[in-house]
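# A structural walkthrough
This is what each chain is made of:
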Amino acid sequence: MTKRTSAKYKIDRRMGENIWGRPKSPVNRREYGPGQHGQRRKGKLSDFGIQLRAKQKLKGYYGDLTEKQFRRIFGEAERVKGDTGENLIGLLERRLDAVVYRAKFVPTVFAARQFVNHGHVRVNGKKVNIPSYRVKEGDVIEVRDRSKQNVAVLEAVGLAERDVPDYIDVDHSKMTATFVRTPSLGDVPYPVMMEPNLVIEYYAQN
């Protein structure tokens, strides 16, 4: 098992939920947390614990973002006009690595970050290797020609465990995806419930 796979599964077990809906998640077999004392950790969470868990789950879902990265995105969501929770989800879904994952060009969010980092992706015809790059409505994301026959890419396209959401228009024959619109919370196909309202409560008190 690679370090990345191990970390991914540890997040699932820490949350006690299969947050990416992956069939191989250890949570499908055992529901307790990681570590020697994982089975004894099922106490009742305080309000703070519930809020912290909601933040960690959302942060973990997008490739286990650092606290600094996530806090910066939350700050932007607060400054933009409208509902902070909806803004937060919209900003997270506009990350280039998130769009690459949603388009099913790769099997996982972690793979999407690496895929972008290694220069396999173009946005509007130009190479972009920054996973946090923020796409705009109408942007066209494509896998570069040399990477279109990548085994991981071909496997990801065929995955039946998730569908491409309707805010991204994908042509897998050309390996292109158009970011049609910024989604709201209800549009995003999370396998588990995400609660940005609890994230707002967390940062309001900490």
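Our structure's up above, just so we're on the same page.
The sections below set out a description of the structure shown in this document. Just so it is clear, the model here is predicted, and its values are computed rather than measured.

## Focus on the overall build of the chain
Each helix and strand counted, the chain has 8 helices and 5 strands in total. Starting at the N terminus, the α and β elements of the chain follow one another as α-α-α-α-α-α-β-β-β-α-β-β-α. Residues counted as buried form 46% of the 206 residues belonging to the chain. In the chain, the proportion of contacts linking residues at least 24 apart, taken out of those at least 6 apart, comes to 60%.

## Overview of the pairing of strand S5 (residues 176-179)
A regular strand places its side chains on the two faces of the sheet in alternate fashion. With 3 bridges joining them, strand S3 (residues 140-143) and S5 adopt antiparallel strand pairing. Paired with Glu142 across the two strands is Thr176, which belongs to S5. By the bridge criterion, 4 bridges tie strand S4 (residues 168-171) to S5 in an arrangement that is antiparallel. Its bridge partner lying in S5, Ile168 is registered against Phe179. With antiparallel pairing between neighbouring strands as the criterion, S4 and S5 make up a hairpin whose turn holds 4 residues, including Met175 at a positive phi of roughly 55°.

## Focus: the pattern of salt bridges
Applying the stated criterion to the full structure yields 9 salt bridges. With a closest N to O distance of 2.8 Å, Glu93 and Arg102 form a salt bridge. Between Arg181 and Asp187 there is a salt bridge, with its nearest N and O atoms 3.0 Å apart. With relative accessibility at 28%, the residue Asp187 sits in the partly exposed group. Among the ionic contacts, a cluster of salt bridges with common partners joins Arg95, Asp97 and Arg113.

## A look at unusual backbone geometry
Most peptide bonds take the trans form, and the phi angle of most residues other than glycine is negative. Notably, Asn124 is not glycine yet its phi reads approximately 55°, a positive angle. Within the secondary structure, Asn124 sits in the loop between strand S1 (121-123) and strand S2 (126-127). Accessibility expressed as a relative area gives 45% for Asn124, which makes it partly exposed. A positive phi angle, close to 55°, is found at Met175, a residue other than glycine. Along the polypeptide, Met175 turns up in the loop between S4 and S5.

## Some thoughts on the packing of helix H3 (residues 67-79) against helix H8 (residues 196-205)
Two elements in contact, H3 and H8, have axes whose closest approach is 12 Å; the angle formed by their N-to-C orientations is 100°. By the criterion of interaxial angle, the relationship of H3 to H8 is roughly perpendicular. Note on element contacts: H8 touches H3 through Val199, Ile200 and Tyr203, opposite Glu67, Phe70, Arg71 and Phe74. Taken together, the residues that form the contact of H3 with H8 break down as 5 nonpolar, no polar and 2 charged.

## So, the packing of aromatic side chains
Scanning the model with the defined rule gives 7 aromatic pairs in all. On the numbers, 6.4 Å between centres and 85° between planes, the contact of Tyr62 with Tyr190 is edge-to-face. In this pair, Tyr62 sits in the loop between helix H2 (47-61) and H3 while Tyr190 sits in the loop between S5 and H8, placing the two residues 128 residues apart along the sequence. The exposure classification of Tyr62 matches that of Tyr190, with both residues buried. Between Phe74 and Tyr203, the aromatic rings sit 4.6 Å apart at their centres with planes inclined by 40°, giving tilted as the arrangement. Here Phe74 is found in helix H3, whereas its partner Tyr203 is found in helix H8, with 129 residues between them in sequence. Like Tyr203, Phe74 is buried. Taken together, the aromatic side chains of Phe48, Phe70, Phe74, Tyr202 and Tyr203 make up a single cluster linked through ring pairs. Here the guanidinium or amino end of Arg71 rests over the ring plane of Tyr203, the centre of that ring lying 4.5 Å away. Lying across the ring of Tyr101, Arg162 places its NZ or CZ 3.8 Å from the centre.

Cut-off values and rules
Residues numbered from 1 in each chain as written. Predicted model: local features only at pLDDT ≥ 70, side-chain atom pairs only at ≥ 80, totals over all residues. Heavy atoms only, no water. Helix = DSSP H or I, 4+ residues; strand = E, 2+ residues; numbered from the N terminus. Buried < 20%, exposed > 50% of the residue type's maximum accessible area, 1.4 Å probe, protein only. Contact = heavy atoms within 4.5 Å. Pairing = 2+ DSSP bridges. Salt bridge = Lys/Arg side-chain N within 4 Å of Asp/Glu carboxyl O. Axes fitted to C-alpha atoms, helices over the stretch in contact; angles between N-to-C directions. Parallel < 35°, antiparallel > 145°, perpendicular 65-115°, else oblique. Nonpolar A, V, L, I, M, F, W, Y, C, P; charged D, E, K, R; others polar. Phe/Tyr/Trp six-rings, centres within 6.5 Å; stacked < 30°, edge-to-face > 60°. Lys NZ or Arg CZ within 6 Å of the ring centre and 35° of its normal.

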